[in-house]
Amino acid sequence: MSQAEQQPEPTTGAAAADAQAATERLGRLRSSIDNIDAALVHLLAERFKCTQEVGRLKAEHDMPASDPAREQRQITRLRALAEESHLDPAFAEKWFNFVVAEVIHHHERLANQH
Ligand SMILES: O=C(O)C(=O)C[C@]1(C(=O)O)C=C[C@@H](O)C=C1
């Protein structure tokens, strides 16, 4: 009988329990991530409902699709909020610009249909 067979690895039980605890923790964290992702989708859907209405208003009144001054004010505000919340402000700005680019697309489409 080899040395390994005579003396089972003493940490085997502890390592298995550790792996099990890690798997359970991962499951709990993923369940929270699922809820947060669902909330983000709902929030984005509500935001786009508002911006669709803004787009119709702008098209009806021949207002420009974009408003760079408003965007700049919002970026300044969101960067400060991100810093307070320990979120990377550059990431917050990137996210905002990504969403606004899509909104401007929608506005332009509505203006062309008008
Ligand atoms: O507030 C507006 O005027 C919008 O059209 C909305 C919005 C935004 O999605 O936040 C989009 C485009 C503008 O450039 C500025 C802001």
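It should be noted that the structure appears before, not after, this text.
Here goes a summary of the coordinates provided. Please read all numbers here as calculations on a predicted model, not as lab measurements.

## A word on the overall build of the chain
Helix and strand counts for the chain stand at four helices and zero strands. When the helices and strands of the chain are listed from N to C terminus, the series reads α-α-α-α. In terms of overall dimensions, the chain is more spread out than a globule: its C-alpha atoms have a radius of gyration of 25 Å, far above the 13 Å expected for 114 residues. Dimensions of the chain, computed from the C-alpha atoms along their principal axes, are close to 90 × 30 × 20 Å. Looking at the chain as a whole, 17% of its 114 residues qualify as buried. Within the chain, counting contacts between residues at least 6 apart in sequence, those at least 24 apart form 61% of the total. Accessible surface computed for the chain: about 9300 Å², of which carbon and sulfur atoms make up 58%. Of the side-chain charges in the chain, 13 are positive and 18 negative, and the distance between the mean point of each set is 6 Å.

## Considerations on the packing of helix H3 (residues 68-84) against helix H4 (residues 89-113)
Packed helices, taken two at a time, are described by the angle between their axes plus the distance between the axes. At their nearest, the axes of H3 and H4 sit 8 Å apart, and the two run at 145° to each other. In this structure, H3 crosses over H4, and the sense of that crossing is right-handed. Every residue of H4 that contacts H3 at Glu71, Gln74, Ile75, Leu78, Arg79, Ala82 and Glu83 is listed here: Pro89, Ala90, Ala92, Glu93, Trp95, Phe96, Asn97, Val100 and Ile104. Classifying every residue of the contact of H3 with H4 by side-chain character gives 10 nonpolar, two polar and four charged.

## As for the site of the ligand
Lining the immediate surroundings of the ligand are Arg47, Thr51, Val54, Lys58, Ser66, Asp67, Arg70, Glu71, Val100, Val103, Ile104 and His107. Arginine 47 places a side-chain nitrogen or oxygen 2.8 Å from an oxygen atom of the ligand. In the environment of the ligand, an oxygen atom lies 2.8 Å from a nitrogen or oxygen atom belonging to the side chain of histidine 107. Within the complex, 89% of the 360 Å² of free accessible area of the ligand lies under protein. For the ligand, the cavity whose grid points lie within 2 Å of the majority of its atoms is the largest pocket. Listed by contribution, the elements that provide at least two residues to the shell around the ligand are helix H2 (12-60), H3 and H4. By residue class, the composition of the shell around the ligand is four nonpolar, three polar and five charged.

About the thresholds
- Residues numbered from 1 in each chain as written.
- Predicted model: local features only at pLDDT ≥ 70, side-chain atom pairs only at ≥ 80, totals over all residues.
- Heavy atoms only, no water.
- Helix = DSSP H or I, 4+ residues; strand = E, 2+ residues; numbered from the N terminus.
- Rg over C-alpha atoms; globule rule 2.2 N^0.38 Å.
- Buried < 20%, exposed > 50% of the residue type's maximum accessible area, 1.4 Å probe, protein only.
- Contact = heavy atoms within 4.5 Å.
- Areas by Shrake-Rupley, 256 points an atom, 1.4 Å probe, with all protein chains shown as cover.
- Lys, Arg positive; Asp, Glu negative; His and termini not counted.
- Charge placed at Lys NZ, Arg CZ, Asp CG, Glu CD.
- Axes fitted to C-alpha atoms, helices over the stretch in contact; angles between N-to-C directions.
- Left-handed = near helix turned anticlockwise from the far one by under 90°.
- Nonpolar A, V, L, I, M, F, W, Y, C, P; charged D, E, K, R; others polar.
- Near = heavy atom within 4 Å.
- Polar contact = N/O pair within 3.5 Å; in protein donor to acceptor, adjacent residues only side chain to side chain.
- 1 Å grid on protein atoms, 1.4 Å probe; cavity = no way out; pocket = protein on both sides within 12 Å on 5 of 7 lines; lining within 4 Å.
- Sits in = over half its atoms within 2 Å of the grid points.

By themselves, these observations are geometric and do not establish any function.
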